[in-house]
Amino acid sequence: MKEKNLAKLLEFPQLGDQRGHLVVVESKLDIPFEIKRAFYIYGSEKTVVRGQHANRRTEFVLINVSGTSKIKVQDANGNESIFNLDRPHIGVYIPKGLWKDMYDFSEDSVLLVLASEHYDGSEYIRDFKEYVEEYHYE
Ligand code: TYD
């Protein structure tokens, strides 16, 4: 089983000079959607697994602006990809309808999440069996 999934790594330009680095992400240019929401996750222990849900309507880009973490994305047919977010100028684009886990957080991890929609708890699927039933394809 291969293909589908469609999560992908994004690399943003680094506008650095002798004063340090600067990374810009703009809606519809570097980020493939209009950003309606941003949140960030930090202070998670290395053993913690976050996410463990799929979103029916929201697309995301995840960026480790500090530290590192790993992102596992899978579709309902078991096509899986793992992204190692280990530099502040890369991100993972996650289309809607994919299951995601965030884990292996470094102590200094600050994971910035950009989202295409405002928060709506009812568009989250938090039960993996339910997710597979709803999204499994031939
Ligand atoms: P949760 O989705 O479980 O976090 P993660 O995906 O990182 O594992 O969210 C944790 C709590 O925060 C939950 O009670 C819902 C709330 N929340 C909001 O109110 N707004 C938001 O934009 C997000 C992402 C979460």
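Okay, so let's go over this structure. It should be emphasised that the depicted structure is a prediction, and the values quoted were computed from it without experimental measurement.

All chains considered together, the criterion is met by eleven salt bridges. The salt bridge partner of Asp86 is Arg87, with a shortest N-O separation of 3.2 Å. When its relative accessible area of 38% is taken as the criterion, Asp86 is described as partly exposed. Measuring nitrogen to oxygen at the nearest pair gives 3.6 Å for the salt bridge that ties Glu133 to Lys129. Of the two residues, Glu133 and Lys129 are both situated in helix 1 (residues 128-135); the distance of four residues between them amounts to about one turn of the helix.

A few words on unusual backbone geometry. A positive phi angle, near 75 degrees, is found at Leu6, a position not held by glycine. Locating Leu6 in the fold gives a position in the segment before strand 1 (8-11). By relative accessible area, Leu6 is classed as exposed at 56%. Residue Lys28 is not a glycine yet carries a positive backbone phi of 65 degrees. Structurally, Lys28 can be placed in the loop between strand 1 and strand 2 (37-42). Under the relative-accessibility criterion, Lys28 is labelled exposed at 56%.

Right, let's get into the nonpolar core. By size, the foremost hydrophobic cluster in this structure holds 23 residues, and its most contacted members are Leu62, Ile71, Ile94 and Leu111. Looking at this core, the elements with two or more residues in it are strand 4 (60-66), strand 5 (69-74), strand 6 (80-85), strand 7 (90-94), strand 8 (99-103), strand 9 (110-115) and strand 10 (124-125). In this view, Ile94 contacts Glu59, Phe60, Leu62, Ile71, Val73 and Lys100; residues no more than four positions away in its chain are not counted. With nine residues, the next largest nonpolar core counts Phe12, Ile31, Tyr93 and Leu112 among its residues.

As for its placement among the helices and strands, Ser109 is situated in the loop between strand 8 and strand 9. Those residues within four positions of Ser109 in sequence are excluded, and the remaining contacts are Ile41, Tyr42, Gly43, Asn64, Ser66, Gly67, Thr68 and Ser69.

Before going further, it helps to examine the pairing of strand 5. Strand direction decides the pairing type here: strand 5 and strand 6, joined by six bridges, are antiparallel. The partner of Ile71 across the bridge, within strand 6, is Phe83. Counting the residues between successive antiparallel strands, the hairpin from strand 5 to strand 6 contains five residues, one of them, Gly78, with a positive phi of roughly 85 degrees. Looking at chain direction, strand 5 and strand 8 are connected through five bridges and run antiparallel. Considered in strand 8, the bridge of Val73 is made with Lys100.

So, on to the side chain of Lys100. Turning to its location among the elements, Lys100 is positioned in strand 8. Despite its burial, Lys100 remains without a salt bridge, the nearest opposite charge being carried by Glu123 at 7.7 Å. Apart from the residues within four sequence positions on either side, Lys100 is in contact with Arg50, Gly51, Gln52, His53, Ala54, Asn55, Phe60, Lys72 and Ile94.

Near the ligand the following residues occur: Arg37, Phe39, Ile41, Arg50, Gly51, His53, Met102, Tyr119, Tyr124 and Arg126. Within the side chain of Arg37, a nitrogen or oxygen atom sits 2.4 Å from an oxygen atom of the ligand. In isolation the ligand exposes 530 Å². Once the protein is present, 60% of that is buried. Split into classes, the residues belonging to the shell around the ligand amount to five nonpolar, two polar and three charged.

Cut-offs and rules
Residues numbered from 1 in each chain as written. Predicted model: local features only at pLDDT ≥ 70, side-chain atom pairs only at ≥ 80, totals over all residues. Heavy atoms only, no water. Salt bridge = Lys/Arg side-chain N within 4 Å of Asp/Glu carboxyl O. Buried < 20%, exposed > 50% of the residue type's maximum accessible area, 1.4 Å probe, protein only. Helix = DSSP H or I, 4+ residues; strand = E, 2+ residues; numbered from the N terminus. Core = buried A, V, L, I, M, F, W, Y, C linked by side-chain atoms within 4.5 Å. Contact = heavy atoms within 4.5 Å. Pairing = 2+ DSSP bridges. Lys, Arg positive; Asp, Glu negative; His and termini not counted. Near = heavy atom within 4 Å. Polar contact = N/O pair within 3.5 Å; in protein donor to acceptor, adjacent residues only side chain to side chain. Areas by Shrake-Rupley, 256 points an atom, 1.4 Å probe, with all protein chains shown as cover. Nonpolar A, V, L, I, M, F, W, Y, C, P; charged D, E, K, R; others polar.

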